[in-house]
Each structure stands twice: as C-alpha cells, then as structure tokens.
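Coordinate analysis (summary)
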Amino acid sequence: MENTALEKLRYPIGKFIAPEIYSSDYLTNKIAEIANFPERLKKEVIHLTEEQLDTPYRNGGWTIRQVIHHCADSHLNCFIRIKWTLTEDKPVIKFYYEDRWAELHDNLTMPIQPTLSFLEGLHFRLAYLMNSLSEADLEKSFIHPEHNAAFQLKEIIGTYAWHGNHHLAHITELKKQKVW
C-alpha cells in the first residue's frame, strides 16, 4: 500500500494540530466534543455484529472492538492525569503500553456495551472537570516520560477531543468502505 494511503487509514482526520492560541471558545468547543463523544460512538457501533466488531479498521490495525476499549483505557488515563496535575506540582505521569493493553483478553473479546456505558460516565466526569478549570488550572502541566516533555491541561483538552474523533473516524471510514 502506498505510504500516503496508509497514512490516510492511520490518521483519517489528520494528526493533531495544536492551535496557536487556546481561546475560551476553542476550549469550550473541544470540551463539548469530549462530552458528546460517547453518544457519537454508540450511534456508530451499537448495531454492529460480532463479526463487524472484530474487523480491523486497516490491515494490521486494531479491530473496532479494540478501538472502543482503547478509547476507554486512554480516556481513563487522561482523567487520572488531569487529577494528578491538579493535586500535585508538575507530576511525572505513568506511561502505559497502549498496544499491549489492546491485546489483553478483555480488549479482544469483551462485549462493547459495558465499555460504552463506562465511557458515558467517564466523559461526563471529564467534561464536568474540564469545564471547572480556572485559567491557572489550564496552565498547570504534567511530565510525560515517553516524550520527556511537559503538557499543559489546556493542551490535553484539545488532544483528547482529537483522540476521540480520530478513533471514531477509524470506525466510520471502515463502515463506509464495507458499506455497513
């Protein structure tokens, strides 16, 4: 497969691009995307068959089932990272091997309904917490050991809004391709 075609499959909405300014309008819109992600995801996957859920979104990629469970894993880590950042001074967060997590038995075989329900509660809490952040809170940061760099909470809001949309696009693009 041509490299640009593979990139399009891997990043159907493109890679995350940080805005030059994290305006209150930008943050409000991104928090709204985070808040409604579970509903948008559920709409796309709730009627899929087990065979469809176990279809990879690209050759060598995760199955739809793995993508759904990965979103829960990743966004739970996001929630915890925000809490650490709000309660500690520039914490070094815990890195996790998302590829290894995706290969665990639950991510490979578990029904999606419990994860969809979990995402509803988690995203309600994420949006609620994010909407409560003060200007000073938005400037607080954590250290990511994989990148050895600091990430501010305002950046995390944009990144995780993109992350949900990114994985939702994996699913919607596969559905279009397969005419599901």
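Here we summarise the structure given alongside this text. Please read these numbers as outputs of a predicted model, since none were measured by experiment.

Quick look at the packing of aromatic side chains now. Working definition: an aromatic ring pair is given by the centre-to-centre distance plus the angle between the planes. Counted by the stated rule, this structure contains 6 aromatic pairs. Where Phe-124 meets Tyr-128, the ring centres are 6.0 Å apart and the plane angle is 20°; that geometry is what we call stacked. Of this pair, Phe-124 and Tyr-128 both sit in helix α7 (residues 113–131), separated by 4 residues, roughly a single helical turn. Across from the ring centre of Tyr-97, 3.8 Å away, lies the NZ or CZ of Arg-100, which sits over that ring.

Attention shifts here to the environment of Glu-44. Tracing the backbone shows Glu-44 in helix α2 (residues 24–45). On the basis of relative accessible area, Glu-44 is assigned to the buried category, the value being 18%. Along the chain, Glu-44 and Leu-168 lie 124 residues apart, while their C-alpha atoms are 8.2 Å from each other. Once residues within four sequence positions are removed from consideration, Glu-44 is found in contact with Leu-168, Ile-171, Thr-172 and Lys-175. There is a polar contact of 2.8 Å between the side chain of Glu-44 and the side chain of Lys-175.

What follows covers the environment of Gly-61. Mapping Gly-61 onto the fold places it in the loop between α3 (50–53) and α4 (64–87). Residue classification places Gly-61 among the buried positions, given a relative accessible area of 18%.

Turning our attention to a negative patch on the surface. On the surface, a cluster of negative charge is made up of Glu-98, Asp-99, Glu-103 and Glu-146. Judged by relative accessible area, which is 47%, Glu-103 ranks as partly exposed.

Between α2 and α7, the least distance of the axes is 7 Å, while the angle of their chain directions is 165°. By the angle class used here, α2 and α7 are roughly antiparallel. In the packing of α2 onto α7, the handedness of the crossing is left-handed. Together, Ile-31, Ile-34, Ala-35, Phe-37, Pro-38, Leu-41, Lys-42 and Val-45 of α2 and Leu-116, Leu-119, Glu-120, His-123, Leu-126, Ala-127, Met-130 and Asn-131 of α7 make up the contact between the two elements. A per-class count over the contact of α2 with α7 returns 12 nonpolar, 2 polar and 2 charged.

Axis separation between α2 and helix α9 (residues 153–178) bottoms out at 9 Å; the angle between their running directions is 30°. Taken together, α2 and α9 sit at an angle that is classed as roughly parallel. Note that α2 runs across α9; the crossing there is left-handed. Judged by residue contacts, Tyr-26, Leu-27, Lys-30, Ile-31, Glu-33, Ile-34, Phe-37, Arg-40, Leu-41, Glu-44 and Val-45 of α2 engage Lys-154, Ile-157, Gly-158, Tyr-160, Ala-161, Gly-164, Asn-165, Leu-168, Ile-171, Thr-172 and Lys-175 from α9. Grouping the constituent residues of the contact of α2 with α9 by class yields 12 nonpolar, 4 polar and 6 charged.

Thresholds applied
- Residues numbered from 1 in each chain as written.
- Predicted model: local features only at pLDDT ≥ 70, side-chain atom pairs only at ≥ 80, totals over all residues.
- Heavy atoms only, no water.
- Phe/Tyr/Trp six-rings, centres within 6.5 Å; stacked < 30°, edge-to-face > 60°.
- Helix = DSSP H or I, 4+ residues; strand = E, 2+ residues; numbered from the N terminus.
- Lys NZ or Arg CZ within 6 Å of the ring centre and 35° of its normal.
- Buried < 20%, exposed > 50% of the residue type's maximum accessible area, 1.4 Å probe, protein only.
- Contact = heavy atoms within 4.5 Å.
- Polar contact = N/O pair within 3.5 Å; in protein donor to acceptor, adjacent residues only side chain to side chain.
- Patch = residues over 30% accessible without salt bridge, like charges linked within 9 Å, V, L, I, M, F, W, Y side chains within 5 Å.
- Areas by Shrake-Rupley, 256 points an atom, 1.4 Å probe, with all protein chains shown as cover.
- Salt bridge = Lys/Arg side-chain N within 4 Å of Asp/Glu carboxyl O.
- Lys, Arg positive; Asp, Glu negative; His and termini not counted.
- Charge placed at Lys NZ, Arg CZ, Asp CG, Glu CD.
- Axes fitted to C-alpha atoms, helices over the stretch in contact; angles between N-to-C directions.
- Parallel < 35°, antiparallel > 145°, perpendicular 65-115°, else oblique.
- Left-handed = near helix turned anticlockwise from the far one by under 90°.
- Nonpolar A, V, L, I, M, F, W, Y, C, P; charged D, E, K, R; others polar.

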